[in-house]
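Observations on chain architecture
Next come the chains, spelled out residue by residue.
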Amino acid sequence: EPEVTQTPSHQVTQMGQEVILRCVPISNHLYFYWYRQILGQKVEFLVSFYNNEISEKSEIFDDQFSVERPDGSNFTLKIRSTKLEDSAMYFCASSELGRSGGIQETQYFGPGTRLLVL
Amino acid sequence: DQQVKQNSPSLSVQEGRISILNCDYTNSMFDYFLWYKKYPAEGPTFLISISSIKDKNEDGRFTVFLNKSAKHLSLHIVPSQPGDSAVYFCAAVSNTGNQFYFGTGTSLTVIP
């Protein structure tokens, strides 16, 4: 069964450093998403991406964050200068379509990357 | 900004009995709802969904009920099995976008 994969599974970085989190969405999916979950809190939407551009983003997704689809398979989240509060589990998700015929497509999630900023 | 709420952080149920997980929402623009299951160190796994044009959707042991007037949905698992022990998240989507709004989760423990 196709699945979303993410690398690395864990990342430890120093405050102020740049990190890149990588995701390989399901191959025929066209919409891609990043979410994060700070320990003990809810899963929060960061950004959605379609047709090589951001389609939606939340208030969390400020100028320190960027996303890219550098090739036909990878989808990356970059945090330019990490802060302590960026420590969280980051989930990538993908869906075949976004909303089609009034139906919201299910988003399929990867296993997550646990980011720890020291 | 808690647009989706799961007020029970945990629930314990005997194997074979019914598990009922509840979720409330505040945004009347939400028109699609999903339940995800999550094991530790894994991503959320899709379970079942329901559109706002329906009030019930069933898939095997899982049934989701939607009460739009009360802005409430519930997930029924029957019969509950020990393998169902996980954290369950409800999620909602507005008719204006693709962003999922998640609740804080309910940790279900099914006791053998």
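Placed above this text is the structure.
Remember, predicted model here, so these are calculated numbers, not experimental data. (Residues numbered from 1 in each chain as written. Chains lettered and ligands numbered in written order. Predicted model: local features only at pLDDT ≥ 70, side-chain atom pairs only at ≥ 80, totals over all residues. Heavy atoms only, no water.)

Here we come to the nonpolar core. Residue and element names in this part refer to chain B. Counting 23 residues, the largest nonpolar core has Phe33, Trp35, Leu73, Leu75 and Tyr88 as the members making the most contacts within it. Where this core is concerned, the elements lending two or more residues are β3 (19-25), β4 (30-38), β5 (45-51), β7 (62-67), β8 (72-77), β9 (86-94) and β11 (106-111). Of all the elements, β9 adds the most residues to this core, at 4 residues. (Core = buried A, V, L, I, M, F, W, Y, C linked by side-chain atoms within 4.5 Å. Buried < 20%, exposed > 50% of the residue type's maximum accessible area, 1.4 Å probe, protein only. Helix = DSSP H or I, 4+ residues; strand = E, 2+ residues; numbered from the N terminus.)

Next up on the list: the sheet that holds β3(B). Sheet architecture is open: 5 strands sit in the order β1-β3-β8-β7-β6 (chain B), paired in antiparallel fashion. Looking at which strands have only one partner, the edges of the open sheet turn out to be β1 (4-5) and β6 (56-59) of chain B. (Pairing = 2+ DSSP bridges.)

This paragraph deals with the interface of chain B and chain A. For interface size, the figure often reported is the accessible area lost on association. Taken together, the 23 residues of chain B in the interface contact 19 residues of chain A. Approximately 1800 Å² of surface area, both sides summed, lies buried where chain B meets chain A, with 56% of it carried by carbon and sulfur atoms. Interface area lost by chain B to chain A is led by B:Asn98, B:Gln99 and B:Phe102, which between them contribute 31%. Viewed at the interface, chain A and chain B are joined by 0 salt bridges. At the boundary of chain B and chain A, one finds 3 residue pairs in polar contact (both at pLDDT 80 or more). Contributing elements (two or more residues each) for the side of chain B that touches chain A: β4, β9 and β10 (100-102) of chain B. Here the side of chain B that touches chain A gets 5 residues from one element, more than from any other, and that element is β4(B). (Contact = heavy atoms within 4.5 Å. Buried area = accessible area lost by both parts, 1.4 Å probe. Salt bridge = Lys/Arg side-chain N within 4 Å of Asp/Glu carboxyl O. Polar contact = N/O pair within 3.5 Å; in protein donor to acceptor, adjacent residues only side chain to side chain.)

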